[in-house]
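Residue-level structure breakdown
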Amino acid sequence: MERDLTMGEKMKFLEKATELANKKSSELIEVMLKGGEMTKKIGNNRPEKGMDFETYQKTYLAWKEAYKQLKPYLSPATMEYIKLLDEYGDPDNERNDQDPFVTYHAEWNTYCWNAQSFIDFGLTGDGIADDAIHEFARKEYQEYEANKEADLQKQKEEEKKVLEEYKREEAEKKQKEQEEKERMRLLEAAYRQQRLEAERKREEEEAKRQAEIKRQKAEERKRKAEEKKAKEKEEEERRKIEREKERIIEEAENKKNRKKAQIFWIAWAASAFILFISVEEWWAYVLVVLALIAAIAIRWIIKLFK
């Protein structure tokens, strides 16, 4: 499915496509190296003029068996590239042009072409002069032509099975990935739930701790208030006692002072009375008044200093 790509998406696509193109080239180089190793194993990949029938037959049958035994296999780089096209919407409409078996076909064609060169050598090439080689090549060509369609159909069926198996494995892989994602999602959800539960418990414990601290502080304030109240009460009692002591002392002092005043005024009155009786002059009255003033002044001075 085509879709418009942003410049950034195009750059990512081209970068990945280039990487996979290099991988395809590496895979084809590996096919060429395998062909070279097979050539060393069989001994030759081309018939040679003057080759005897036994060597010709042995070499040909070896190549024929090699390509018959070769089973279809997918090109990892091509499959990745097809996935890339599906991911980016097949920008250049080349999805159907990709051959998933490109490396298998390259190897199969190499082995088949090598075997075919021996048939051509015996039919139309230098081997035609050898009757044994010519007859062998003719029969092999007839067998090839008779079985060509069946072999091609068999090859396509085998390729179809391989592709279906790959798709099945990919589907299972995606299913497992999805199941793993779901499992991880459930684990993460359970972990988040555990964290929330732990956080809730922590908050509850913190709230209880704060409540306990507040209670303790309230009890401490209450205790201090009671201690303060008790102290104030004690202080008030002490002050009452002191005031009572002061009152008693003051009352005693006043009583004492009253007695002293009574004695003083009695003495003064007696002196004034005696003086008033014994002296008949006017100045005696002046002396009595002056003595009264002097007595009052003395009493006031004594009280002031006290």
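Residues numbered from 1 in each chain as written. Predicted model: local features only at pLDDT ≥ 70, side-chain atom pairs only at ≥ 80, totals over all residues. Heavy atoms only, no water.

**Digging into the overall build of the protein**
Each helix and strand in the protein was counted, giving six helices and zero strands. Element order for the protein, N to C, with α for helix and β for strand: α-α-α-α-α-α. A globule of 306 residues ought to have a C-alpha radius of gyration of about 19 Å, yet the protein, at 65 Å, is considerably larger. Out of the 306 residues in the protein, the part that is buried amounts to 22%. Long-range contacts, defined here as pairs at least 24 residues apart, represent 75% of the contacts in the protein between residues at least 6 apart. Just so you have it, the protein exposes about 23,400 Å², and 57% of that area is on carbon and sulfur atoms. Where the 64 positive side-chain charges of the protein centre and where its 68 negative ones centre are 15 Å apart. (Helix = DSSP H or I, 4+ residues; strand = E, 2+ residues; numbered from the N terminus. Rg over C-alpha atoms; globule rule 2.2 N^0.38 Å. Buried < 20%, exposed > 50% of the residue type's maximum accessible area, 1.4 Å probe, protein only. Contact = heavy atoms within 4.5 Å. Areas by Shrake-Rupley, 256 points an atom, 1.4 Å probe, with all protein chains shown as cover. Lys, Arg positive; Asp, Glu negative; His and termini not counted. Charge placed at Lys NZ, Arg CZ, Asp CG, Glu CD.)

**Let's talk about helix 3 (residues 76-88)**
The first and last C-alpha atoms of helix 3 sit 19 Å apart over 13 residues, in line with the 18 Å expected at 1.5 Å per residue. Gly 89 lies just past helix 3 and shows a positive phi near 80 degrees. (Expected span 1.5 Å × (residues − 1).)

**Quick look at the packing of helix 1 (residues 7-42) against helix 4 (residues 102-123)**
As a packed pair, helix 1 and helix 4 sit with axes 9 Å apart at the nearest point and diverge in direction by 25 degrees. Judged by the inter-axis angle, helix 1 sits roughly parallel to helix 4. Pair helix 1 / helix 4 crosses with right-handed handedness. Touching Glu 27, Leu 28, Val 31, Lys 34, Gly 35 and Met 38 of helix 1 are Thr 103, Ala 106, Glu 107 and Tyr 111, all from helix 4. (Axes fitted to C-alpha atoms, helices over the stretch in contact; angles between N-to-C directions. Parallel < 35°, antiparallel > 145°, perpendicular 65-115°, else oblique. Left-handed = near helix turned anticlockwise from the far one by under 90°.)

**Considering the side chain of Glu 94**
Looking at the secondary structure, you find Glu 94 in the loop between helix 3 and helix 4. Although Glu 94 lies buried, it forms no salt bridge, and the closest oppositely charged side chain, Lys 24, sits 6.3 Å away as judged by the N-O distance. What Glu 94 contacts, discounting residues up to four positions off in sequence, is Tyr 81 and Leu 85. (Salt bridge = Lys/Arg side-chain N within 4 Å of Asp/Glu carboxyl O.)

**What to know about the pattern of salt bridges**
Counting across every chain of the model gives 30 salt bridges. With a closest N to O distance of 2.2 Å, Arg 168 and Glu 165 form a salt bridge. Taken together, the positions of Arg 168 and Glu 165, both in helix 5 (residues 131-278) and three residues apart, correspond to about one turn of that helix. Of the residues examined, Glu 165 reaches a relative accessible area of 32% and is grouped as partly exposed. The salt bridge involving Glu 251 is made with Arg 247; its shortest N-O contact spans 2.8 Å. Remark: Arg 247 and Glu 251 occur in helix 5; sequence separation between them is four residues, near one turn of the helix. Judged by relative accessible area, which is 42%, Glu 251 ranks as partly exposed. Overall, the relative accessible area of 40% leaves Arg 247 in the partly exposed class. Taken together, the shared-partner salt bridges connect Glu 235, Glu 236, Arg 238, Arg 239, Glu 242 and Arg 243 into one network.

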